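What follows is each chain in one-letter form.
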Amino acid sequence: MAQALAEHLTPAGVGHPWAGAKFSSAWGTRDVRDTALVRPDLVAEISGDASVDRGGVYRHPVRYMRLRLDVNADDVPRFGGGPAAAAG
């Protein structure tokens, strides 16, 4: 699955929205993951739930389901932009 996704990724250029961000390896750990930023121009279908703990942290990780090559990134609302979802 990861190899099929990797074939569609393009390295990020200057000005990536997450440049300088650090990502932990798991909830509650301070271990930082090595990260390769890519251009944010693909749409992926994910699975997740909205369980939030008392500290406001999501309790379960998001899971990658599939790459949506039939949907353009401009067709998907930005985070906080509304409940609309891509058809399919």
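Each remark here, short or long, concerns the structure printed above.
Quick caveat, the model's predicted, so the values are computed rather than measured.

Here's the deal with the side chain of R68
The residue R68 is located in the segment after β2 (63–67) in this model. Accessibility expressed as a relative area gives 5% for R68, which makes it buried. At 2.9 Å, the side chain of R68 and the side chain of D70 are in polar contact.

Examining the pattern of salt bridges
Two side chains of opposite charge can pair, provided their charged atoms sit close to one another. Applying the stated criterion to the full structure yields 4 salt bridges. Two residues, R39 and D41, come together in a salt bridge whose shortest N-O distance is 3.1 Å. Judged by relative accessible area, which is 44%, R39 ranks as partly exposed. For the salt bridge of D70 with R68, the shortest nitrogen-to-oxygen distance reads 2.9 Å. Taking the relative accessible area as the measure of exposure, D70 reaches 59% and is therefore exposed.

So, how was this worked out
- Residues numbered from 1 in each chain as written.
- Predicted model: local features only at pLDDT ≥ 70, side-chain atom pairs only at ≥ 80, totals over all residues.
- Heavy atoms only, no water.
- Helix = DSSP H or I, 4+ residues; strand = E, 2+ residues; numbered from the N terminus.
- Buried < 20%, exposed > 50% of the residue type's maximum accessible area, 1.4 Å probe, protein only.
- Polar contact = N/O pair within 3.5 Å; in protein donor to acceptor, adjacent residues only side chain to side chain.
- Salt bridge = Lys/Arg side-chain N within 4 Å of Asp/Glu carboxyl O.

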